[in-house]
Amino acid sequence: MTATFAALRKSRRVSQLELSLRAGVSQRHLSCIETGRARAGRETLIALLDALGASLEERNQALLAAGYAPAHAERPLDAPEMAPVRAALAQLIHANGAAPALVLDGEYNVVMANAGLARLLVLLGLPAQDLLAGPLNLLRAFFAPGGLRSLCVDEAWLCNEMWGRASREAEHLPRLRALLDELRPTLTAWAAPQAASLLPVLAFRLRAADGRVLSFFSTITSFGTPLDITLASLKVEHLFPSDEVTRAALAEGLG
């Protein structure tokens, strides 16, 4: 447990003194916990993890390493008790008509998508049915040689943004960190990023198969105060058209 907890504290760049003040635990006792000279009680350990802002997965790992039962379940999204969650996600991704929307798990696997995303893939000249029928990992599909990034007008800028966002999230998600470590040796270099839009949101442009340029901006929704590891990792991403050309192209697919 000592190595697990000390590594977690150091990854947050929090000193023993600062953590002791945050959690109301003496620095001496905290030092003894980290060196193995003292064993933290379950409540004390949870207070320390709260003070560090540990993710649910990190909390479970630290509790297990200390010999305690995990505090949070990790239910599959298709479990019966997750039915209300699935209904809420379906409502979210279908609420905005033709706007593409998808649900991503912590490793950027697409677990749900709406018809708008299928229409976008068709506009891009991609096999929508094949891509959405099987497991689709957005990071693999985007960063693979000749992958989705090659359809981006602002390829370097968007590559930089996506890799940076995933890297920040990976600091608290071990499985995502492992995926990035796997992808890193296969990456091909992209040029220095340049600002792609004056919009104050993540905006990007894609080349459609018919030569049109489709412009979008992205919004992300997540669950507030989730108590399940699966829910904590889920995010709903909407791609809203940012010009009339894109709105018209998406609306054509409705027919």
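Structure first, text after, so check above.
A brief report on the enclosed structure follows. (Residues numbered from 1 in each chain as written. Predicted model: local features only at pLDDT ≥ 70, side-chain atom pairs only at ≥ 80, totals over all residues. Heavy atoms only, no water.)

Observations regarding the packing of helix H10 (residues 155-170) against helix H11 (residues 174-183)
Argument step 1. The geometry of H10 relative to H11 is characterised by a closest axis approach of 8 Å and an angle of 135° between their N-to-C directions. Taken together, the axes of H10 and H11 lie oblique to each other. With respect to the hand of their crossing, H10 and H11 are arranged in left-handed fashion. Of H11, the residues touching H10 (which contributes Trp163, Ala166, Ser167, Glu169 and Ala170) are Leu176, Arg177, Leu180 and Leu183. (Axes fitted to C-alpha atoms, helices over the stretch in contact; angles between N-to-C directions. Helix = DSSP H or I, 4+ residues; strand = E, 2+ residues; numbered from the N terminus. Parallel < 35°, antiparallel > 145°, perpendicular 65-115°, else oblique. Left-handed = near helix turned anticlockwise from the far one by under 90°. Contact = heavy atoms within 4.5 Å.)

Topic: helix H5 (residues 56-65)
Argument step 1. Extensive coverage of H5 is indicated by the burial of seven of its ten residues.
Argument step 2. Taken as a whole, H5 has its buried residues at Leu56, Glu57, Glu58, Arg59, Asn60, Ala62 and Leu63. (Buried < 20%, exposed > 50% of the residue type's maximum accessible area, 1.4 Å probe, protein only.)

Quick notes on the environment of Ala38
Argument step 1. Relative to the helices and strands, Ala38 resides in the loop between helix H3 (27-35) and helix H4 (42-52).
Argument step 2. Between the C-alpha atom of Ala38 and that of Pro135, which follows or precedes it by 97 residues, the distance is 46 Å.
Argument step 3. Discounting chain neighbours no more than four positions away, the residues touching Ala38 are His29, Cys32 and Ile33.

Points about the packing of helix H2 (residues 16-23) against H4
Argument step 1. Interhelical geometry of H2 versus H4 gives an angle of 110° and a closest axis separation of 9 Å. One finds that H2 runs roughly perpendicular with respect to H4. For H2 against H4, the interelement crossing comes out right-handed. On H4, the residues that touch Leu19, Arg22 and Ala23 of H2 are Ala47, Leu48, Ala51 and Leu52.
Argument step 2. Looking at the contact of H2 with H4 residue by residue, the classes come out as six nonpolar, no polar and one charged. (Nonpolar A, V, L, I, M, F, W, Y, C, P; charged D, E, K, R; others polar.)

Describing H10
Argument step 1. If you check H10, its first and last C-alpha atoms are 22 Å apart, about what 16 residues at 1.5 Å a residue would give, namely 22 Å.
Argument step 2. Those residues of H10 that fall on the buried side of the exposure criterion are Ala156, Trp157, Leu158, Cys159, Met162, Trp163, Arg165, Ala166 and Ala170.
Argument step 3. Each element contacted by the buried residues of H10 is listed here: helix H9 (138-143), H11, strand S3 (202-207), strand S4 (213-222) and strand S5 (235-241). (Expected span 1.5 Å × (residues − 1).)

Some words on the pairing of strand S2 (residues 110-113)
Argument step 1. Judged from the three bridges that link them, strand S1 (residues 101-104) and S2 form a sheet pairing that is antiparallel. Paired with Leu102 across the two strands is Ala113, which belongs to S2.
Argument step 2. Count of turn residues in the S1/S2 antiparallel hairpin: five residues, of which Tyr108 carries a positive phi of about 70°. (Pairing = 2+ DSSP bridges.)

Considering the pairing of S3
Argument step 1. Bridge analysis of S3 against S4 gives six bridges, and the strand direction is antiparallel. Looking at S4, one finds that Leu202 is bridged to Ser218.
Argument step 2. If you look at the hairpin formed by S3 and S4, you'll find five residues sitting between the two strands, and Gly211 has a positive phi there, around 95°.

A closer look at the pattern of salt bridges
Argument step 1. If you walk through the whole model with that rule in mind, you get 18 salt bridges.
Argument step 2. In this structure, Glu58 and Arg12 form a salt bridge, with 2.6 Å as the shortest nitrogen-oxygen distance. Residue Glu58 is located in helix H5, and its partner Arg12 is located in the loop between helix H1 (2-11) and H2; the two are separated by 46 residues in the primary sequence. For the pair Glu58 and Arg12, one class covers both residues: buried.
Argument step 3. Linking Arg212 and Glu252 is a salt bridge whose minimum nitrogen-to-oxygen distance equals 3.3 Å. (Salt bridge = Lys/Arg side-chain N within 4 Å of Asp/Glu carboxyl O.)

Some thoughts on unusual backbone geometry
Argument step 1. Of note in this structure, Arg13 is not a glycine but carries a positive phi near 55°.
Argument step 2. By the element assignment, Arg13 lies in the loop between H1 and H2.
Argument step 3. Residue classification places Arg13 among the exposed positions, given a relative accessible area of 70%.
Argument step 4. Phi is positive for Tyr108, which is not a glycine, with a value near 70°.
Argument step 5. With respect to the secondary-structure elements, Tyr108 resides in the loop between S1 and S2.

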